[in-house]
Amino acid sequence: MFDPVRGQPDFPALEASIAAWWREQGTYEKSLTRRRGSERFVFFEGPPTANGMPHPGHCLTRTIKDLYPRYRTMRGQYCERKAGWDTHGLPVEVEVCKELGIHSKSEIEAYGVEPFIHKCQQSVWRYMREWETLTERIGFWIDLSKAYVTYHQSYVESVWWALAELFDKGLLYQGHKIVWWWAQGGTALSSGEVGQGYREVADPSVYVAFPLLDAGGAPTSRSLVAWTTTPWTLPSNQFAAVKADLDYVVLREPGSAGGPEYVVAEPLAASFGEKLKKEFEVVERLPGSALVGRSYLPPFDTFRPAGPPATAPLAAGGADASAWRVVAADFVTTDSGTGIVHIAPAFGEVDYTVLVAEQARFAAGKGPALINAVAPDGTFTDAFGMGSGRFVKDCDRDITRDLRARGLLVHQEQYVHDYPFCWRADSDPLIQYPRQSWFIRTSRFREQMLANNARIDWLPEHIKDGRFGNFLETNVDWALSRERYWGTPLPIWVCEQTGKAEAIRSYADLLAKPGIGGTEVFTKAKAVNPGLSEDLKVHKPYIDAVTYDSPFAPGARMRRVTEVIDCWFDSGAMPFAQWGWPHAGHAEFEAQFPADFISEAIDQTRGWFYSQLAISTLLFGADAEGSRPYPHTFKTCIVLGHMLGEDGQKMSKSKRNYREPAEIFDKYGADALRWFFLAGQAPWTSIRYSERAIKESIPEFLLRLWNVYSFFVIYARIDGFDPGAMLEDPGMLDHADLARGRGWRAVADRSELDRWMLSELNATAAAMTERMDAYDHFGAAQRLSSLVDAVSNWFVRRSRDRFWAAGRADGGVETNQEKLDAYWTLYETLLTIARLAAPFTPFTTEAIWRNLAGAAFGGRALESVHLADYPTGDAALVDHDLVRRMAVVRDVASLGRAARAAEKLRVRQPLQKVEVILADARPDDAAWLEAHADLVCDELNVKQFEVCGEPDRYITRAILPDLKKLGPKLGKDLPKARDALAKADAAALLAALAAHGRAEVPLPGGGVATVEQDDVIVRTTAKPGWAAAESPRAVVVIAKDLTPDLVAEGLVREVVHAIQTERKELDLEFTDRIDLVFATKSAELREALERHRDYVSGETLAASIHFGTPPAAAEPHDIDGHPLAIAVTKAGPAARS
RNA sequence: GCGCGCGUAGCUCAGUUGGUUAGAGCGCCACCCUGAUAAGGUGGAGGUCCCAAGUUCGAAUCUUGGCGCGCGCACCA
């Protein structure tokens, strides 16, 4: 027998008990065991970092990540879910630095790399418990016990293998490049990291004069004007660039002959004058090519000796000034500035290319060396005395002040633009800086990455060619190395003598090297501190101590380079590194690659989505030995929108514009949150996280489902409907299994309502399966929601009489078969809905299942809904005609109510008749509808219902073209045809169509259009004067005239209503009988009550009804203008009707 | 600057290949039910589909150009 159900569920408490039960039962493991050997559904967990608190956005990803594996498991696939944690990198180091109150690398070195690394390793797990709690609380089924961890030795060794492969193929190289440099942190960042740190700032924007030199090397009064937003790069100026085929002008203030002259690009001359608020006259006009080769005086003499420009020999013979000379460059534009570009090769990528090109012009070794007045820590070196030892950006003001004092500052303003800051230390601006760095040659694989991408199923689709495709198109080599401490060490050992390098694939490979030494450093540390994790032996500083004999030079040693790698490479290697592949886990890797499904938020386009695709394409792509077919590493990816706070702004802790997930769980429960995410909006829209919206998602689905379930259990217990006693072997509790139940009748034998319910149920299951297979959970959720609405607001509502009828529902001698049918139908419906909804709201559905299947069968049935098969719908049980007709009935009922409301005739007032005119019904629908008159009468409280025989009394018909059909046929004649149809005699036309299936309509401008029956739509409109309501499907007309009999009945129903209210106020049990005393001065009301005495006593369980003088306490009422005093008192013993 | 997405009722959002009366939930107003009851149901009001031009017989939907919001990219010197 079913357990009793609380009418008011406490979802959070319920969920806690379900979660505990899953844990005790090992339900997740059972769901896997059950599917072992089946086709796999491969899911990859993008590793979150556990050293930050989880927030609502993580709840969304975890919900989506849970939904599809659950669904696929129920569909019969085997879906392992291995958790993972991202543990390396800057986020961890920065967190530890904050804790230690330090910032710079020198401070870390002073603290000691070894203890620093220990701190990092501990810090990784700082919020572990919060993450585990969240994961379980939201019902994300994933195996945390076997989680992969990026700092574990086996993981690091897999990454080493990947890097060694790339190194051996020449795809991992060391380059001298201009990189985005985090000076305070002393490391370069990848473009992905840089991109995360852009912020709008106002920088100084300065226009600086570079005086041109005359032939003798002396400054003239004519100056180039260069523009920069980074004044601190001026001391390192090396060239000025112009566009050769662009026109330049020399400007001078009128009447100031001999005064300063400025050279700017002609198209920018006007805006230049406006900025300076000065009128200039053009002294001379010359092409950029005429400027090329001229020498100028740099703004600072940091690196320039006094006197004429120094020259150096050119490769092609002759000599040229080696620096501070005008060069031609194509990248010069007239978008902004002056058309003359200040070139500081140390601090810009294009600037650097200018230097490289110049160096090539000069004789070998004689070309210009890189000028750089800035140290790696971001401070000026002693070469630039004014700023020596100070952070360069802090010197901008002093530099401009100095330029102004020397008359070189032509103009200054503020320039607002986006500038990158360190993504973890957001007050540190990044600078471009020349640096030796390790790169992966990804740009060479652009086409292959695009080919791989083309095969991926992206949701939403536009990601493929939009954001992600664009990102791949503009691919640059991956700046891999980090001059930091806590990360996967770059497994490259270099010969101290020859500089030749080799890559190491595993720790065992390393130990096998000849003359290995230094491993004792870790052993000793471990002896001192036995708790030291073995995994740290592949980390700094221990790994740095390991050296071996060089194969390149006798007697020399091989030492590891100092760098660690970008932690995004770690996560991108996860598809194989999670198994320790290729050193271990062959079977697992082969079975679990590539992923069928992954999902993360949109910020991962250049994070995890990219790192997986890049690594995989390089290692396993078309060019690779043993290449694998695209797509890999994932086939389908749902890209989630970013979550916004309550105010529609970005979520931010400081603004407190969102509720902590824990609060939501405690107040509303995880299923409420999940339903809000899954059914609220398409997953890729940016979701507004709103407590109110979460709360409101409960009644719409969870509570409605629960109420039906609770209704079912209450009456099943009363009527003895106990499937456990009626069905020996529950099987899967499918339709076919239930058919073995005692008293079960074939659907064809059941009432129409039952057949309708099962039709809707099976049609919905089929539609949901189709949606879910297409990864459209939003569409599926909408179907599910309207199914639950159909059960609650039509099936249960229309079946109440059967549930409350006399007789039992246990299949025994006292059984009322109609009632039993209703129970079997609702039981099957609820069981099926529980399964359909299980992936969406796993807790509530489990609670329902455990009672309907679990308690009912005392353990003989499947213990968990998540072990069941997902219902895919049985087409044989779907009666499409019935579904359509029932929709018409519901429409008619709704129109009837609308017509009543318009006439202010409340439903309690019985009416004589309602008539319906169907707009475009199939012929037999009308007959069907008339056969269901009692249903309509009941819903609308009328005596009589019919499909109108003479519709012309009530309505006019208009014939409209079916534009979708006639449009293509008639084209430009369509408006004429529409006019013609509007003017035509509708009745005659309809008759012609009915008779011949087609009709000819003369067009206004001449000509004739042939119209077939299917080309037109008939619209019916109620004529004025009738109480009617219309929809596209039907017009409903109600008889608004009231006879005295009807009025009397209406009065009586008002009285019954008053009595029922009174019963409720007296807190009577619904089986309590009452005694009634009425007193009224209205003869009409008294007569009505007398006449309908039986009805009153039946409805209110009145044992006696008297007229007379009621006790003083009797409630006075006004019944439609008739005074009435009613006394209600409790009568004899209870008895259910 | 370039690119991507979004802009529909007071609020949060749907709207399937262009088609006749643009939908839902919440809120609001009115009503119903009182044997799922601190629930439930029905009806109603409420919309220049951001603006403009274009394509088309027909545009919320397609094109172009604006405006606003969000995000991404980076040769912003």
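The structure we're discussing is the one just above.
Here's a quick rundown of the structure. In this text, all values refer to a predicted model and were calculated from it rather than measured experimentally.

1. Some details on the overall build of chain A
When you go through chain A residue by residue, the secondary structure sums to 40 helices and 40 strands. The C-alpha radius of gyration computed for chain A amounts to 41 Å, which surpasses the reference 32 Å derived for 1137 residues by more than 25%, pointing to a less compact arrangement than a globule. Projecting the C-alpha coordinates of chain A onto the three principal axes gives extents of approximately 125 × 85 × 70 Å. The burial tally for chain A puts 56% of its 1137 residues in the buried class. For chain A, contacts bridging at least 24 residues in sequence account for 77% of all contacts bridging at least 6. Surface exposure of chain A reaches about 47,100 Å², of which carbon and sulfur atoms provide 50%.

2. So, the sheet that holds strand β17 (residues 457–459)
Read across the sheet, 3 strands follow the order β17-β26-β25 without closing on themselves; strand pairing throughout is parallel. The open sheet has two edge strands with one neighbour each: β17 and β25 (595–601). Between one strand axis and the next, the sheet turns through 15° on average, direction left out of account. As defined by bridge partners, β17 adjoins strand β26 (residues 634–640) across 3 bridges and the pair is classed as parallel. Looking across to β26, one finds that Leu459 is bridged to Ile638.

3. Some words on the side chain of Lys65
Among the structural elements, Lys65 can be located in helix α3 (residues 56–74). Take Lys65: its relative accessible area is 2%, and that puts it in the buried class. One polar contact links Lys65 to Glu45, side chain to side chain, over a distance of 2.6 Å. In terms of polar contacts, Lys65 uses its side chain to reach the backbone carbonyl oxygen of Gly46, at 3.4 Å.

4. Description of the packing of aromatic side chains
Summed over the entire model, instances satisfying the criterion amount to 58 aromatic pairs. Centre to centre, the rings of Trp181 and Tyr433 are 5.8 Å apart; their planes meet at 25°, and the pair counts as stacked. One end of the pair, Trp181, is in strand β3 (residues 172–182); the other, Tyr433, is in strand β16 (residues 431–440), with 252 residues separating them in the sequence. A residue is classified by how much of its surface remains accessible, and Trp181, at 1% relative accessible area, is buried.

5. Section: the packing of helix α29 (residues 777–804) against helix α32 (residues 880–902)
At their nearest, the axes of α29 and α32 sit 13 Å apart, and the two run at 80° to each other. Judged on the interaxial angle alone, α32 and α29 are roughly perpendicular. Along its contact with α29, which presents Asp789, Ala790, Asn793, Trp794 and Arg797, the element α32 presents Met886, Val889, Arg890 and Arg897.

6. Let's talk about the pattern of salt bridges
Applying the stated criterion across every chain, the model contains 72 salt bridges. The shortest N-O distance in the salt bridge between Glu15 and Arg137 comes to 3.0 Å. Within this pair, whereas Glu15 is found in helix α1 (residues 11–25), its partner Arg137 is found in helix α7 (residues 128–137), the two being separated by 122 residues in sequence. Accessibility expressed as a relative area gives 18% for Arg137, which makes it buried. With its nearest N and O atoms 2.8 Å apart, the salt bridge here joins Asp719 to Lys819. Of this pair, Asp719 sits in helix α25 (residues 691–719) while Lys819 is found in helix α30 (residues 817–837), placing the two residues 100 residues apart along the sequence. For Lys819, a relative accessible area of 0% puts it in the buried group. The structure contains a network of salt bridges with shared partners spanning Arg222, Arg252, Glu261, Glu281 and Glu284.

7. A few points about unusual backbone geometry
Of note, the amide linkage connecting Lys540 to Pro541 takes the cis form, showing an omega dihedral of -5°. Mapping Pro541 onto the fold places it in the loop between α18 (520–528) and β22 (548–549). Residue Pro594 is reached from Phe593 by a cis peptide bond, and omega for that bond is -5°. In this structure, Pro594 sits in the loop between α21 (586–591) and β25. For Leu733, which is not a glycine, the phi torsion comes out positive at approximately 60°. Among the structural elements, Leu733 can be located in the loop between α26 (723–726) and α27 (735–738). Even without being glycine, Tyr775 reaches a positive phi, approximately 60°.

8. Looking at the side chain of Thr633
Considering the arrangement of structural elements, one finds Thr633 in the loop between α22 (608–620) and β26. For Thr633, a relative accessible area of 2% corresponds to the buried category. In this structure the side chain of Thr633 is engaged in a polar contact, spanning 2.7 Å, whose partner is the side chain of Gln612. Setting aside anything within four residues of it in sequence, one finds Thr633 in contact with Phe44, Pro575, Phe593, Pro594, Ala595, Gln612 and Ser616.

9. Quick word on the protein's contact with RNA strand B
Around RNA strand B lies a shell of 65 residues, among which Thr229, Arg606, Glu696, Arg908 and Leu974 are the nearest. Here RNA strand B approaches the protein such that, of its atoms within 4 Å, sugar and phosphate make up 56%. Between RNA strand B and His342, the relevant distance is 3.1 Å, taken from a sugar or linking oxygen to a main-chain nitrogen or oxygen of the residue. Here a base nitrogen of RNA strand B and a side-chain polar atom of Arg800 are 3.1 Å apart. Per-element tally for the surface near RNA strand B: the top contributor is α25, with 8 residues. Broken down by class, the residue content of the surface near RNA strand B amounts to 22 nonpolar, 22 polar and 21 charged.

10. Brief notes about the nonpolar core
One broad rule of soluble globular proteins: the nonpolar side chains tend to lie buried together. Counting residues in each nonpolar core, the largest one holds 169 residues, and the members touching the most others are Leu673, Phe712, Phe721, Tyr827, Phe840, Leu852 and Leu929. Residues within four places of Phe840 in sequence aside, it is in contact with Leu67, Arg674, Trp675, Leu678, Met768, Met772, His777, Ala780, Ala781, Leu784 and Tyr870. Counting residues in hydrophobic clusters, the runner-up holds 71 residues, among them Leu268, Ala329, Ile343 and Ala346.

11. Concerning the pairing of strand β8 (residues 247–252)
The side chains of a regular strand alternate between the sheet's two faces. For β8, a buried count of 5 out of 6 residues is recorded, marking the element as mostly surrounded by other parts of the structure. Pairing of β8 with strand β10 (residues 281–287) involves 6 bridges; the strand directions are antiparallel. The residue bridging Leu251 from the neighbouring strand is Val282, located in β10. Across 4 bridges, β8 lies against strand β9 (residues 261–265) in antiparallel orientation. Along β9, the bridge assignment pairs Val249 with Val264.

12. Comments concerning the state of the cysteines
In this structure the tally under the stated criterion is 0 disulfides. We note that Cys97 lacks a disulfide partner, and the nearest cysteine sulfur, in Cys120, lies 7.6 Å from it. Given the relative accessible area of 4%, Cys97 is considered buried.

13. Examining the packing of α29 against α30
Packing of α29 against α30 leaves a shortest axis separation of 11 Å and a crossing angle of 165°. By the criterion of interaxial angle, the relationship of α29 to α30 is roughly antiparallel. Helix-helix and strand crossings are classified by hand; for α29 and α30 the assignment is left-handed. Of the residues in α30, those in contact with Leu784, Leu787, Val788, Val791, Phe795, Val796, Arg802 and Phe803 of α29 are Glu818, Lys819, Asp821, Ala822, Tyr823, Thr825, Leu826, Thr829, Ile833, Leu836 and Ala837. Residues belonging to the contact of α29 with α30 are distributed by class as follows: 13 nonpolar, 2 polar and 4 charged.

14. Regarding helix α34 (residues 933–940)
Burial runs high along α34: 6 of the 8 residues are buried. Buried within α34 we find Ala933, Leu935, Val936, Cys937, Glu939 and Leu940. Backbone geometry just after α34 places Asn941 at a positive phi near 55°.

15. Description of the sheet that holds strand β38 (residues 1102–1107)
Across the sheet, which stays open at both edges, the 4 strands sit in the order β38-β37-β40-β39 with mixed pairing between neighbours. Strands with a single pairing partner mark the edges of an open sheet, and in this sheet they are β38 and β39 (1115–1119). Looking at each pair of strands side by side, their axes are set apart by 30° on average, direction ignored. As paired elements, strand β37 (residues 1074–1079) and β38 share 5 bridges and run parallel to each other. Across the sheet, Ile1074 pairs through a bridge with Ala1102, a residue of β38. Against the sheet, helix α38 (residues 1044–1065) engages β37, β39 and β40 (1122–1130), with an angle of about 40° to β40.

16. Quick look at a negative patch on the surface
Residues Glu447, Asp457, Glu461, Asp465 and Glu473 make up a contiguous surface patch of negative charge. Topologically, Glu447 is positioned in helix α14 (residues 446–454). With a relative accessible area of 59%, Glu447 lands in the exposed category.

Thresholds, definitions, all that
- Residues numbered from 1 in each chain as written.
- Chains lettered and ligands numbered in written order.
- Predicted model: local features only at pLDDT ≥ 70, side-chain atom pairs only at ≥ 80, totals over all residues.
- Heavy atoms only, no water.
- Helix = DSSP H or I, 4+ residues; strand = E, 2+ residues; numbered from the N terminus.
- Rg over C-alpha atoms; globule rule 2.2 N^0.38 Å.
- Buried < 20%, exposed > 50% of the residue type's maximum accessible area, 1.4 Å probe, protein only.
- Contact = heavy atoms within 4.5 Å.
- Areas by Shrake-Rupley, 256 points an atom, 1.4 Å probe, with all protein chains shown as cover.
- Pairing = 2+ DSSP bridges.
- Axes fitted to C-alpha atoms, helices over the stretch in contact; angles between N-to-C directions.
- Polar contact = N/O pair within 3.5 Å; in protein donor to acceptor, adjacent residues only side chain to side chain.
- Phe/Tyr/Trp six-rings, centres within 6.5 Å; stacked < 30°, edge-to-face > 60°.
- Parallel < 35°, antiparallel > 145°, perpendicular 65-115°, else oblique.
- Salt bridge = Lys/Arg side-chain N within 4 Å of Asp/Glu carboxyl O.
- Near = heavy atom within 4 Å.
- Nonpolar A, V, L, I, M, F, W, Y, C, P; charged D, E, K, R; others polar.
- Core = buried A, V, L, I, M, F, W, Y, C linked by side-chain atoms within 4.5 Å.
- Disulfide = S-S within 2.5 Å.
- Left-handed = near helix turned anticlockwise from the far one by under 90°.
- Patch = residues over 30% accessible without salt bridge, like charges linked within 9 Å, V, L, I, M, F, W, Y side chains within 5 Å.
- Lys, Arg positive; Asp, Glu negative; His and termini not counted.
- Charge placed at Lys NZ, Arg CZ, Asp CG, Glu CD.

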